[in-house]
Amino acid sequence: MTRLLLAVLGLPLLLCACQDQGARAQTAALQARVDRLEEALRTLQEAQANQASTLPANLRQVTAQAAAQNCANSLTRELESFRENSLDRRYPTAAQLVLPPACADQRVNWLSRSPQTYTFTVTDAQGRELARQSGS
């Protein structure tokens, strides 16, 4: 009877031990998976942080380039329109020219300017050329 009682009491202990090993294996596998996912998340966050730090500079540069080109196109339209409407088919003098609104915050540099030709650039604050236009 004692053996039967020990067997009955020992069986649940033996089953619990087996379940502990299975549970430990599952827990270890899950922990390894969580570790891999956390590492992947850290990698993605670092890549996103690196991209975010370079993106605004690129956006500023692209925006400055687009604004400069818009100014150059608007100024060219003004110059060509003046020439088409002038009796002697000439470009306006400095006193006759009003820069278009698109050039309000831009640096326009005249490389050459005469009644029959012009060349100008639009530069950034550091003097880098962002746009250039010529006409004759």
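Bear in mind that the values here come from a model prediction, so they are computed numbers and not experimental data.

The rules behind each value
Residues numbered from 1 in each chain as written. Predicted model: local features only at pLDDT ≥ 70, side-chain atom pairs only at ≥ 80, totals over all residues. Heavy atoms only, no water. Salt bridge = Lys/Arg side-chain N within 4 Å of Asp/Glu carboxyl O. Helix = DSSP H or I, 4+ residues; strand = E, 2+ residues; numbered from the N terminus. Buried < 20%, exposed > 50% of the residue type's maximum accessible area, 1.4 Å probe, protein only. Pairing = 2+ DSSP bridges. Phe/Tyr/Trp six-rings, centres within 6.5 Å; stacked < 30°, edge-to-face > 60°. Lys NZ or Arg CZ within 6 Å of the ring centre and 35° of its normal. Axes fitted to C-alpha atoms, helices over the stretch in contact; angles between N-to-C directions. Disulfide = S-S within 2.5 Å. pLDDT = per-residue confidence, 0-100. Core = buried A, V, L, I, M, F, W, Y, C linked by side-chain atoms within 4.5 Å. Contact = heavy atoms within 4.5 Å.

1. Observations concerning the pattern of salt bridges
Part 1: What the rule picks out here adds up to four salt bridges.
Part 2: Among the ionic pairs, Arg42 bridges to Glu39, the shortest N-O distance being 2.9 Å. Of this pair, Arg42 and Glu39 both sit in helix H1 (residues 2-85), three residues apart, which is roughly one turn of that helix.
Part 3: Arg42 gets classed as partly exposed once you look at its relative accessible area, which sits at 41%.
Part 4: With a relative accessible area of 41%, Glu39 lands in the partly exposed category.
Part 5: The salt bridge partner of Arg132 is Glu129, with a shortest N-O separation of 2.9 Å.

2. Structural notes on the pairing of strand E1 (residues 107-113)
Part 1: As judged from the six bridges shared by E1 and strand E2 (residues 118-123), these two strands associate in the antiparallel manner. Paired with Asn109 across the two strands is Thr121, which belongs to E2.

3. Brief notes about the packing of aromatic side chains
Part 1: Counted by the stated rule, this structure contains three aromatic pairs.
Part 2: Taking 4.8 Å as the distance between ring centres and 90° as the angle between the ring planes, the aromatic pair formed by Tyr91 and Tyr118 counts as edge-to-face. Taken as a pair, Tyr91 in the loop between H1 and E1 and Tyr118 in strand E2 lie far apart in primary sequence, 27 residues in all.
Part 3: You can call Tyr91 buried: its relative accessible area is 2%.
Part 4: Owing to a relative accessible area of 1%, Tyr118 belongs among the buried residues under this scheme.
Part 5: Ring-pair connections join several aromatic residues into one group, and the members of that group are Tyr91, Trp110, Tyr118 and Phe120.
Part 6: The ring of Trp110 is capped by Arg113, whose NZ or CZ atom sits 4.1 Å from the centre of that ring.

4. Considerations on the sheet that holds E1
Part 1: Reading across from one edge, E1-E2-E3 is the order of the three strands in this open sheet, with antiparallel pairing throughout. Only two strands of the sheet have a single partner each, and these edge strands are E1 and strand E3 (129-135). Taken pair by pair, the neighbouring strands of this sheet meet at an average axis angle of 15°, ignoring direction.

5. Section: the state of the cysteines
Part 1: Counted according to the given criterion, the structure contains one disulfide.
Part 2: Between Cys71 and Cys103 runs a disulfide, and the two sulfur atoms are separated by 2.0 Å. For the disulfide bridge between Cys71 and Cys103, the dihedral angle about the S-S bond is near 105°, and by the sign convention the bridge is right-handed. With Cys71 in helix H1 and Cys103 in the loop between H1 and E1, the pair connects residues that are 32 residues apart, well separated along the chain. Each member of the pair Cys71 and Cys103 is classed as buried.

6. Description of the confidence of the model for the chain
Part 1: Within the chain, residue pLDDT values average 86, and 82% of them lie at 70 or more.
Part 2: At the level of individual helices and strands, the chain shows its lowest average pLDDT in H1, which scores 81, and its highest in E2, which scores 97.

7. Comments concerning the nonpolar core
Soluble globular proteins tend to pack their nonpolar side chains together in the buried interior.
Part 1: Formed by 14 residues in total, the largest nonpolar core has its most connected members in Leu75, Leu79, Val108, Phe120 and Val122.
Part 2: When residues in this core are grouped by element, the largest group, five residues, is from H1.
Part 3: When near neighbours in sequence (up to four residues on either side) are disregarded, Leu75 contacts Leu97, Leu99, Pro100, Cys103, Val108, Trp110 and Phe120.

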